[in-house]
Protein chains: 2
Amino acid sequence: MSRLSINQQTVKQLSLPELIRACTAVGVDAVGLWREPVAEYGLVRSAELFTSAGFSVTSLCRGGFFTAADPADRRRAIQDNRAAIDETAALGAPVLVLVAGGLPAGSRDLRGARAQVVDAIAELAPYAAERGVRLAIEPLHPMFTSDRCVVSTLAQSLDIAEQFPVAQVGVCVDTYHLWWDPDLDAGISRAGERIAAYQLADWTTPLPAGVLTGRGQIGDGCVDFPAFTEAVLATGYTGPIEVEIFNDELWKRDGAAVVAEIAARYPACVGTAS
Amino acid sequence: MSRLSINQQTVKQLSLPELIRACTAVGVDAVGLWREPVAEYGLVRSAELFTSAGFSVTSLCRGGFFTAADPADRRRAIQDNRAAIDETAALGAPVLVLVAGGLPAGSRDLRGARAQVVDAIAELAPYAAERGVRLAIEPLHPMFTSDRCVVSTLAQSLDIAEQFPVAQVGVCVDTYHLWWDPDLDAGISRAGERIAAYQLADWTTPLPAGVLTGRGQIGDGCVDFPAFTEAVLATGYTGPIEVEIFNDELWKRDGAAVVAEIAARYPACVGTAS
């Protein structure tokens, strides 16, 4: 269980103290956090809570959303990402996950939007590095390209990350977004030390309307987690393995029971590799 | 309008004679057909109907669904695809569109399923060629990988197609499935003479539950049709441009009005390229 981290969005029905109790009950002492619930509980108070419980915060979600038609909007996004970097540092988390943003409203200029992402990261990477925060570009499944993330494949995220020092910019490898890719093995192998975060969720169908909240509990779908994890660990990745699931059914259940179910399924999912 | 073809699934509320009338009213004389409504109307009767109206049938949908755990099921799929090839020939259509099939139930073996697709095409390609039918492998959007089509990118479909003579096996390039791909331009350029069919549908969000019937009317979404079409035509592609949309809202409307709307929007969508 030493590498397992529970992303709080998986059990967003839990308060931060409840999350700590649910994790502790099953021997987990690492969590991924989101900005909004942290802000609600209080940034300093959240940091103290996890520190005093002996927990590590493995990542903060999320920065990004860089794409906008209006330069003033892009500037506001940069400012907001600076704040996200500050929060990541305050929580002692090593990684801020970046979701690039989709096409600006009414735009069909995918190439232009992708260029905006590179420009924004170029501006933010040194700021993050000064604060000990590594940026992790997360490619999202291509069904989110238009409205959420114009970075859609691992290869594409590496094309961006490799323009920056490896200590400053990596990628977030999420099974849910990448499992389908015929070039996955080559991509993971190429990623190597660029892997800044590794997240698990399963792929299940049918997808719900809007598709955002259809991620499956690990083991419920068709992702080959042992093979995927073996490939990631073969790169030398020694970081946490974070379970991040958005699922309406899981959110309706008792959060502690969901955490316990993840912990119970985790060994079989990741296999002997971890 | 000389290259525009209306795929009948776009206006499945229309009978075959109604489809001919709706197309004729706006100067369109080409259609893509589906096996089920053709069987219902009668294969020979359908062929005679379109021939006597001076229409060309640009493609038949669809063969494929090769992936199965049980060898007997795979054998049945091959037999059914032979029938689909015969039907394509009987309709005088040059192309049978192949949708590979998803993961077999309970399977997580994507590599194995993809190998089954190659095996099936190897068996079918000579049979099709003898009957004057070209097979068109259609990569489907990665949101369909698990339940519908393990061929998810243009590059992957070309990796398969290129194992066979160009006259026997090509690819179906559909804007809906491929627009998001960062390697799209390279893929289209590489495809060259392998492009056996070119289909249009737009990408709109939010996606409906199940995601199958959320394709947008051309012009309603974020696909850059002029650029996409220019790239396809730059390969030397001289075939039809088929509009194939699955959309609950379009199916509720008067089918002839939908065909007229497509014809009205088509010139701006494909730009000066065609």
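In this convention, every chain numbers its residues from 1, walking through the sequence in written order. Working convention: letters from A go to chains and numbers from 1 go to ligands, in the order in which they are written. Local features in this predicted model are restricted to residues whose pLDDT is 70 or higher, and side-chain atom pairs enter the listing and the counts only when it is 80 or higher, whereas totals over whole chains, interfaces and linings include all residues. Computation of side-chain values: all heavy atoms of the structure, hydrogens and water removed.

Labelled according to an unreviewed UniProt entry, chain A appears under the name Sugar phosphate isomerase/epimerase, originating from Fodinicola feengrottensis.

(A) Here's a closer look at the UniProt feature "domain: Xylose isomerase-like TIM barrel" (unreviewed entry) in chain A. Per the UniProt record, the feature "domain: Xylose isomerase-like TIM barrel" (unreviewed entry) sits at residues 21-257 of chain A. For residues 21-257 of chain A, the end-to-end C-alpha separation is 12 Å, with 43% helix and 18% strand making up the annotated structure. UniProt positions are given in the numbering used here, feature names are shortened, and annotations may be inferred rather than shown by experiment. Comment: elements are numbered from the N terminus, with helices defined as DSSP H or I runs of at least four residues and strands as E runs of at least two.

(B) Inspection of the relation of the copies chain A and chain B at higher detail. The copies are overlaid by a least-squares fit using only the C-alpha atoms of residues whose pLDDT is at least 70 in both copies. Under the fitted operation, chain A is carried onto chain B by 0.0 Å of movement along the axis and a turn of 180 degrees, and the coordinates agree to an RMSD of 0.0 Å. The superposition of one copy onto the other is thereby described by a two-fold rotation axis. Residue A:Ala209, judged by its C-alpha, is the member of chain A lying nearest the rotation axis, at 1.9 Å. What makes two residues a contact is simply this: any of their non-hydrogen atoms within 4.5 Å. Mapped onto chain B, 100% of the interface residues of chain A again fall at the interface, so both copies present the same surface.

(C) Up close: the sheet that holds strand β7 (residues 195-200) of chain A. Residues and elements named next belong to chain A. A pair of strands is treated as paired once DSSP finds two or more bridges between them. The strand order β1-β2-β3-β4-β5-β6-β7-β10 describes a closed barrel built from eight strands, whose pairing is parallel. Averaged over neighbouring strand pairs, the angle between their axes works out to 30 degrees when direction is ignored. In this structure, strand β4 (residues 95-99) lies alongside strand β5 (residues 134-137), joined through four bridges in parallel fashion. For Val 95, the partnering residue across the bridge sits in β5 and is Arg 134. Between the N-to-C directions of two axes lies an angle of 0 to 180 degrees, each axis being a line fitted to C-alpha atoms and, for a helix, fitted only over the stretch in contact. The sheet strands contacting helix α4 (residues 71-90) are β3 (56-64), β4 and β5, and the helix crosses β4 at an angle near 150 degrees. Where helix α5 (residues 110-130) meets the sheet, its contacts fall on β4, β5 and β6 (169-174), and the angle it forms with β5 comes to roughly 145 degrees.

(D) The sheet that holds strand β5 (residues 134-137) of chain B, seen in detail. Residue and element names in this part refer to chain B. Taken in spatial order, the eight strands line up as β1-β2-β3-β4-β5-β6-β7-β10 and close into a barrel, and their pairing is parallel. Sheet twist, expressed as the mean angle between neighbouring strand axes with direction ignored, is 30 degrees. In this structure, strand β6 (residues 169-174) lies alongside strand β7 (residues 195-200), joined through four bridges in parallel fashion. Its bridge partner being in β7, Val 171 is matched across the sheet by Ile 195. Relative to strand β1 (residues 4-7), helix α11 (residues 255-270) is tilted by about 135 degrees, and along the sheet it contacts β1, β7 and β10 (241-243).

(E) Inspection of α5(A) at higher detail. Residue and element names in this part refer to chain A. Any helix carries an expected span of 1.5 Å times its number of residues minus one. For α5, which comprises 21 residues, the first-to-last C-alpha distance of 31 Å matches the rise-based estimate of 30 Å (1.5 Å per residue) to within 8%. Along α5, the helix axis deviates most sharply at Leu 124, where the bend reaches about 30 degrees; the proline Pro 126 sits within four residues downstream. Taken together, the buried residues of α5 touch α4, β4, β5, α6 (154-161) and β6. Just past α5, the residue Gly 132 takes up positive phi, approximately 75 degrees. Bend, at a single residue, is the angle you get between axes fitted to the 7 residues ending at that residue and the 7 residues starting at it.

(F) Just the pattern of salt bridges, in detail. Each reported salt bridge corresponds to a side-chain nitrogen of Lys or Arg within 4 Å of a carboxyl oxygen of Asp or Glu. Under the criterion given, the structure shown has 30 salt bridges over all chains. Where B:Asp159 meets B:Arg190, a salt bridge forms, and the shortest distance between an N and an O atom there is 2.7 Å. On the criterion of sequence distance, the pair formed by B:Asp159 in helix α6 (residues 154-161) and B:Arg190 in helix α8 (residues 184-191) is long-range, its members being 31 residues apart. Remark: exposure states derive from per-residue accessible area (1.4 Å probe, protein chains only) relative to the maximum for the residue type, with buried under 20%, exposed over 50%, and partly exposed in between. With a relative accessible area of 35%, B:Arg190 lands in the partly exposed category. Within this structure, A:Arg35, A:Asp80 and A:Glu87 form a network of salt bridges that share partners.

(G) Structural detail: the interface of chain A and chain B. Counting residues at the interface gives 33 residues for chain A and 33 residues for chain B. Roughly 2,400 Å² of surface becomes buried between chain A and chain B when both sides are summed, with 61% attributable to carbon and sulfur atoms. A salt bridge links B:Arg111 to A:Asp185; the nearest nitrogen and oxygen atoms lie 2.9 Å apart. In protein, a polar contact means a hydrogen-donor-capable atom and an acceptor-capable atom, both N or O and within 3.5 Å, with residues adjacent in sequence counting only if both atoms are side-chain atoms; elsewhere, any N or O pair within 3.5 Å suffices. Summed over the shared surface of chain A and chain B, the result is 16 residue pairs in polar contact (both at pLDDT 80 or more). Ranked by residues supplied to the side of chain A that touches chain B, first place goes to α5(A) with three residues. As a working rule, the residues Ala, Val, Leu, Ile, Met, Phe, Trp, Tyr, Cys and Pro are called nonpolar, Asp, Glu, Lys and Arg charged, and the rest polar, with Gly in that last group. Here the residues of the side of chain A that touches chain B sort into 15 nonpolar, eleven polar and seven charged. Accessible-area loss on putting two parts together, using a 1.4 Å probe and summing over both, is the definition of buried area adopted here.

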